[in-house]
Amino acid sequence: MAYKIIAGFLVLLVALAFHLHMDMIVLLNLSFIKFAMNGLLVLSLIPMLNAGMGMNFGLPVGITAGLIGMCIAVNFKLTGLVGLLISALLGGFIALAFSEVYGRILIAVKGREEIASTFIGFSFIPLMNFFWSLVPFSNRQMLYPIGGSGLRPRIGLNPYFTSTLDQLWSIKVGNFVLPFGLLLVYGIIAGLIHYFFKTTSGKSICAVGENDAFAKASGLNVKKIKLLSVRISLVIAAVGIVVYAQSFGFLELYDAPLMMAFPAVSALLIGGASAKKGTIIHAIIGTYLFQSIYLLSVPIANELLLPEISEIVRNIITNGIILYALLISEKGGRYA
Amino acid sequence: MKKVLSMLLVFALAFSIVGCGAKAEESSEGSGATEPVVTETQETATSYKIGIVTPTLSTSEDEYRAAENMVAKYPDIVKHITLPENFSTEIETGLSQITSLADDPEMKAVIVVSGQAGLLPALQKIEEKRPDIITMTAPIWDDPELMSKYIDVCIDTDWVRRGETIARKAHDMGAKTIIHYSFPTHMAKEVIVARRDQMKATAEELGMTFVEVTTPDPQTGNGPAAMQQFLREDIPRQIEKYGVDTNIFGTNCPMYDVIIDEALKLKFIVAEQCCPTPTQAYPTVMNLELSEEDAGNFDKINQMISEKAAEADMTGRLSGWPVPVTVYVPEYAVELAKKMIEDESFDYKNLDNLKAFSEETFGVSAEFNTLKPELDNYFVLIMESIFY
Amino acid sequence: MNKPILELNHVGKHYGQHEVLKDINFSLMPGKILGIIGANGSGKSTLMNIIFGHQVIKNTGGYTGVIKVDGQRMDVNYEGNATQYGIGMVHQEFALFPKLTIAENIKLGNENIVKDFAKHVLKDYLLIDHKKDQMEAQEKLESLGLEIDASMLVDHMSISVKQFIEIARELDRNHLKLLILDEPTAVLNDKDSQLLITALKKLVKKGISVLFISHRLEEVMCLCDHLLVLRDGETVGYYENGSITLDQLAIEMIGEKVQKTVSNRALDTKEVQMRFENFQVDYPGEALENFSLEIYKGEVLGITSLSGHGKLAVAKGLIGFYPTRGAIHMNGLDITNLTYQEKITKGLYVLCEDRKNVGLLLEHSIGENIVFTAQQLYRKYSKPHFGGLMKLYDKASADKAVSKYCEQLDIVCRSHQQVVKTLSGGNQQKVCLARSLSLEPDILFVSEPTRGIDIAAKEKVLQSLIESNRKDKMTLVIASSELEELKRLCDRIVVLSEGRISAILSPDASAKEFGLAFSKGGSSDGL
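Everything numeric here is computed off the predicted structure, so don't read it as measured data.

**Quick word on the confidence of the model for chain A**
Here chain A averages 86 in pLDDT, while 97% of its residues score no lower than 70. Residue range residues 332–336 of chain A is modelled with pLDDT below 50. Its contacts to residues more than four positions away, or to other chains, number 5 contacts.

**Structural notes on unusual backbone geometry**
Of note, the amide linkage connecting Ala138(B) to Pro139(B) takes the cis form, showing an omega dihedral of -15°. Residue position: Pro139(B) is located in the loop between strand 4 (134–137) and helix 5 (144–150). With phi around 70°, Lys267(B) is a residue other than glycine that occupies positive phi space. Note on placement: Lys267(B) falls in the loop between helix 10 (255–266) and helix 11 (282–285). Residue Lys267(B) is classed as partly exposed on the basis of its relative accessible area of 29%. Positive phi is not limited to glycine here, since Asn331(C) has a value of about 45°.

**Things to note about the packing of helix 2 (residues 24–43) of chain A against helix 9 (residues 224–242) of chain B**
Interaxial distance between helix 2 of chain A and helix 9 of chain B falls to 12 Å at its minimum, and their mutual angle equals 165°. Comparing their axes, helix 9 of chain B and helix 2 of chain A come out roughly antiparallel. Considering only the axes of helix 2 of chain A and helix 9 of chain B, their crossing is right-handed. Between helix 2 of chain A and helix 9 of chain B, the residues in contact are Leu27(A), Leu30(A), Lys34(A) and Met37(A) and Gln229(B), Glu233(B) and Arg237(B), respectively.

**Quick word on the interface of chain B and chain A**
Between chain B and chain A, the contact holds 47 residues from the first and 47 residues from the second. For the chain B and chain A pair, buried surface summed over both sides reaches about 4000 Å², with 53% attributable to carbon and sulfur atoms. The interface formed by chain B and chain A holds 4 salt bridges in total. A salt bridge links Lys77(A) to Glu289(B); its shortest N-O distance comes to 2.6 Å. Where chain B packs against chain A, one counts 14 residue pairs in polar contact (both at pLDDT 80 or more). The set of elements that each furnish at least two residues to the side of chain B that touches chain A consists of helix 2 (61–73), strand 7 (209–214), helix 9, helix 10, helix 11 and helix 12 (298–311) of chain B. It is helix 9 of chain B that provides the largest number of residues to the side of chain B that touches chain A, a total of 10 residues. Along the lines of polarity and charge, the residues of the side of chain B that touches chain A split into 18 nonpolar, 13 polar and 16 charged.

**A short note on the environment of Gly147(A)**
Within the secondary structure layout, Gly147(A) lies in the loop between helix 6 (113–134) and strand 1 (154–156). Overall, Gly147(A) belongs to the partly exposed group, its relative accessible area being 34%. The spacing of Gly147(A) and Ser201(A) is 54 residues in sequence and 50 Å in space, taken between C-alpha atoms. The residues touching Gly147(A), leaving out its near neighbours within four places in the chain, are Glu61(B), Arg65(B) and Ala295(B).

**Overview of the nonpolar core**
Membership of the largest hydrophobic core comes to 346 residues, with the highest contact counts inside it found for Leu151(A), Met274(C), Phe276(C) and Phe445(C). The greatest single-element share of this core, amounting to 16 residues, is contributed by helix 11 (residues 222–248) of chain A. Grouped together as the second largest cluster of nonpolar side chains are 29 residues, Val69(C), Met74(C), Ala82(C) and Leu230(C) included.

**What to know about the pairing of strand 8 (residues 209–213) of chain C**
On any regular strand, side chains alternate: one points to one face of the sheet, the next to the other face. Residues and elements named next belong to chain C. Among the 5 residues of strand 8, 5 are classified as buried, and the element is accordingly described as predominantly covered. With burial as the criterion, each face of strand 8 is covered, one bearing Ser 209, Leu 211 and Ile 213 and the other bearing Val 210 and Phe 212. Note: strand 3 (residues 33–37) against strand 8, 4 bridges, orientation parallel. Bridge assignment links Ile 36 to a residue of strand 8, and that residue is Ile 213. Sheet topology places strand 7 (residues 178–182) next to strand 8; 5 bridges connect them, and they run parallel. Bridged to Leu 178 within strand 8 is Ser 209.

Analysis parameters
Residues numbered from 1 in each chain as written. Chains lettered and ligands numbered in written order. Predicted model: local features only at pLDDT ≥ 70, side-chain atom pairs only at ≥ 80, totals over all residues. Heavy atoms only, no water. pLDDT = per-residue confidence, 0-100. Contact = heavy atoms within 4.5 Å. Helix = DSSP H or I, 4+ residues; strand = E, 2+ residues; numbered from the N terminus. Buried < 20%, exposed > 50% of the residue type's maximum accessible area, 1.4 Å probe, protein only. Axes fitted to C-alpha atoms, helices over the stretch in contact; angles between N-to-C directions. Parallel < 35°, antiparallel > 145°, perpendicular 65-115°, else oblique. Left-handed = near helix turned anticlockwise from the far one by under 90°. Buried area = accessible area lost by both parts, 1.4 Å probe. Salt bridge = Lys/Arg side-chain N within 4 Å of Asp/Glu carboxyl O. Polar contact = N/O pair within 3.5 Å; in protein donor to acceptor, adjacent residues only side chain to side chain. Nonpolar A, V, L, I, M, F, W, Y, C, P; charged D, E, K, R; others polar. Core = buried A, V, L, I, M, F, W, Y, C linked by side-chain atoms within 4.5 Å. Pairing = 2+ DSSP bridges.

Written as C-alpha cells, this is what we have:
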C-alpha cells in the first residue's frame, strides 16, 4: 500500500527533525491544524469518486462556492462562529446551485469525468476572476485600495474569523495545543460521510460507482444518484474552503483555487484510495501523511541542504516517493 | 454535445473579434471627434497616442491602476491594454498584443510594464517596424544589455542597490538579523541574487546575522498557497530562534500578506517589501477600510497604516516607500513619454533632469542612477522611505 | 481436380472434461458448397474455429484428428496462418473499420504499394497505391454483383452491404480456396439473401469451395451441394442435397428426444397478467420486433430462439437498456412508460443473463448483493438512527434474510461477508436469484438462468424457480437457449426467429415443429 511507504518516509523525516533539534511539539500542533484545514477538501472527493465519476479535479468549483459564501459573510462583517457558520451555509447553498450545472455536464460526458472536471475547474477560474473584479460588495476592507472597486486578491480575515475554529475548545497541555474544535468539526463531517455510505442512498452511490448497469437493473435512477454525489461533494468542498480559510487567515480569490485539487487528490491516493473507490480512512491517513510531509520536508531541507538546491532536491524526493508509492500500490493490483 | 461546444467556441471567437473590432472603431471615432479640441488646446499640431501594457487587475493591481489613472488623466492620449492572465503559458498572446499597438499610425510611444522576462522580442519588433515610436519599459526584466540596445528608455527600481539600502535601513531600525526568504525560480534570477549578495555583504559589514531560507516554489507544484502556508509555519520558528529584532525580507510579493500579518503578531521588523508599496499586503492584513473618495489617496493610506501600526505597538518597525513604486514607475514613464514627445529638447539622459521631473510632476523625491555606467538609457531609482 | 480441398478425419475437441465435438469426418471437393446445420451448442462454431485456427482452440489444448487442406496436413499455429492455406472466413460479427473506405477495408493488410518507392524505404513504411487498391476492390465487389462506389466510408453502409464487403475482402486474398461463412444471411433480408446466394453460386464456378453455416434450412437446401447435420457435437447425418426433405432436416437438427416435463398441467384459469403489444426493442444484434404476447397468471413461459434472434431482448427492453416501442400492460395497468423502478414496485422483476456486468456487484459481499435492491427500493433491512435522521443498514434483519436464501438456494460460501467475485458461477447465479426472489415479484423474467454453471447448481436454480412459481404463484418467464430445460419446465414455449415470434408451442411439440420454428426465414411472414 502506498501509505506504508509514505509513512516510512514520514518516520524518516521525524527522525531527521528530531536530530536537527526542531521543536517537535510545535510541529505536532501544526500537523493537526494542517491536517484538519486540508482534510475536508480531501473528504469532498470521496462521494464523486465512489459514484464512479473519478477524482473531482473540478474542486475549484466547490471551493469557489465557499469563497462566495465567505465574501458575503465578510461583506456583512459577520465575525466569529456566526460568520463561519453563515459562510458555510451560504457556501453550501451556492455549491448546490453550482452542482446542478456541473453535475449535469459530468453526467453527460460519462467515462471522461476526470478530464472534463479538470477543464471545467480551469475554465471556471477566469470566469470567476471576472466576477471577483466586478462584484459590487460594499465592505471596503475587501476592495482594492487604489481603484476602490473589485475584490482584493487576498482579504484578511483577522477581524472576522481567523482561527475561530483552530482555537475553539482547544486543549492545552504544556506547549502542546490540541485544536479540539477544529478536529471535532472535521470528525463530525467525516463521521457523517461515513454514516452516509451506510445508508441506502450511500449504498446506491457505491453501487452506481461499481457497476452502473447493475444499478440500472436494480431500478435505480443512475443520473439522479450521480447528481446527488456531485451535490454532496461540492457542498463539502465549500465548507472545506471555509475551514481552510479560517485557519489560513486569508480569503484567497482569483487564481488561488486553481491548483487546489491536486494536493487533495494526491493525499487521497496516498491514503490508499483506488481510481474507483475511497473511504474516510483513506482520506484521513492520506491527508495526515501528505500534509505532514510537506510540513517537515521544507524546514528539514533548509537545514540540511544548500539554500540554492534545497527546494529542488526536496521536490524531487517528495514527489518521487509519492510516485513510487503509487506505482507500487498499482502493481499490487487495483484492489490490493 | 461536441458540436454544440464547438459552435459555442466559434461564436465566442466571432463575438470577441467583432467586439474588439467595434471597440477599436469606437475609440478611433472618439479620437477623431476630439481631434480638433486637442489641436486647439494643445500647442502640438498633431494628435498622438501613448500605449501602455500592464498585467491584469487580479495579477497586479498597482500597475493596472497606474495605467488606468493615466487613461483618466489623458483620455485621448493613453491607450491601455492588459497582458494575458496566465502570463507564462500565454506569452505569445502577450507579444502579439504589444506589437499590435504599433499598427496605430498615431502611436508615438509604447510602454510595457510587466515585471516578468520574455517580452523584449515584442519591443524589438516595434523598434524595427516603427523606429519613430519611443519604446519604454517600466519595468520588464530581460537581459539589461539587450534591453538597453533595443529599447529607448528603460526605467526600473534599483533592485540591486536596494540590497544595501534595505540592510542599512533594517540596521537603523534596530535589526540584528536579516532573514531572506526565496525559492529556486527566483534564485535563478541575476538581479535577485545580486541583491541578496549585497544585502548579505552589507549585513555582515554592519555586524548582522544573515539567514537564508528556501520556501516551496510557488511557480511549480502547488502554487503560492504552499509557500504562504510554509511562511506561516516557519516565521514563528525563526523568530523564536533569532529574537524579535529580526528583519524579514521575502523575494515574492504574495509572501508579504503572511510576513506582515506575522509581524503584527510577533513584532519583528519589516524594513521594506520586495516591491515597496503601501497598497500591498498592508490593506489586506490591517483590513484598511478606505472610503470611496480615499481610494488611491496614498497619504491617507499611509496615515491609516501608521495608525494601525501604532495600535499593534509596531511604530517604527515597519517601513516602505510612500507611493507604490509599481504605480509610480508606470505613471512616471507615461509622463516622461509625454514630455519627450512634446518637448523634444528635454534631455532624458541627464539624471538630474529625471529627478527634477519627478519632484515637479509627482512631488515625490526619487534618486536616479544608471544600471551600469555604459547603459546610458537604463535608469534605476530609489525612492525616499516612509516609516510607519 | 479430384483431390478434396478440405478433408477432416476423426476431428474431435474437448473443453476440459466436456466433449464438444466427436469424430467429425467429411471432405469437400473444389467448387462445392457444404452446408453445416445444427442447433445452439451443436458444435458448429467450434468446428469453424478449428478449421480457421482460432486462438481459443490452441489455448484450450488443441484438437484431435487430422485436417488436410489440398491433401496437405494443416498445421495452424495462429489465426493468420489459415489464410496462408487459402482459407478465408466471414465472421458473424463484422470485423470492419467503420471510418475507413470500402476499398481500404477490403485491401487492409493486402495493399498494393507504389513500386518506385519500394527501393528506398523500410518495408513497413511503403506508400500505398490507393488508385490500384480502389480499382481492385471495385472489381471484387462487382464480381459479387454489388454496384457500389468503393471509395465510400464503411460507416455509412447498410448491414447487407457490409456483409458483401466482408466477403469481398476474403476474395481479395490471393489463392482463396475455401470460404467459411458463419450465418451470412442472419442479418440480411430476403432480397439480399437471394443476391448473396447468387453471388456464391457464381463464386464456386471459379473453383472456390464454401462452408456455409446457417439456420435457414430453405436457404441451405437451395444453395448447398451437401449437408452436414451436427447435434451435440456429433455428426447426425451427411446428405447429398435432394436426398432429404426440409421436414426431415428439421427433425435431424433438433432430435426426437422425448423429455419428461415437470408437470403437464393445464392452467386452471387463463387470466392475463401481462400483455405485450407490438413490443419492439432496438437491441443491436438481438433486435425484437412486433412482439405481441399475453402472459397468463401463474404460468411458466419459455422464450427461446437461436442466438441473436431476440430471446434476450424482451428482458433488456423491460429494464430500459435499449430503446423500445409498443405497449406493455401488467395487472391491468399500462406500464409502458413507467421507469424500471416503478415497474419493479408494481411487481415485475428482470434477471439478466449477464451476471458479471449487470447482475452483481462483484466487489460487494453476498449479503449486500442479496438485499441491495429490496433495500434500495423498499427501504427494507434498514432502521432509523439518530432519531430517524438517518436510515442505516440493519445488519440483523438483513442477515436473517440472507441466511434464509443461502439455505434455500444452497449457496456455498465461507460467510455472508464473502465477496461475490470469489464465488463460482453457480453460486453467483444463486445470489442473483436470491436477490430476485427477495423482491417477491408477481412476475419474474429470467434470462439464461443456467448458462455457465455446473449441473448441480443448474438443478437447484431450476427447482427454486419452479418452487416459487408453484408455491408463491409467481409467474415465470424464462428466456433460454436450452430447449431441453424449457421443455421440462414450461407450460408454453415461444420460439423467436429473426426477432419475431415464429411459433408458440406446447412443450410436447415435436422436434420437427421446433426445428421449423427456429429456422423460419424471411422477415415478411413473422407470425
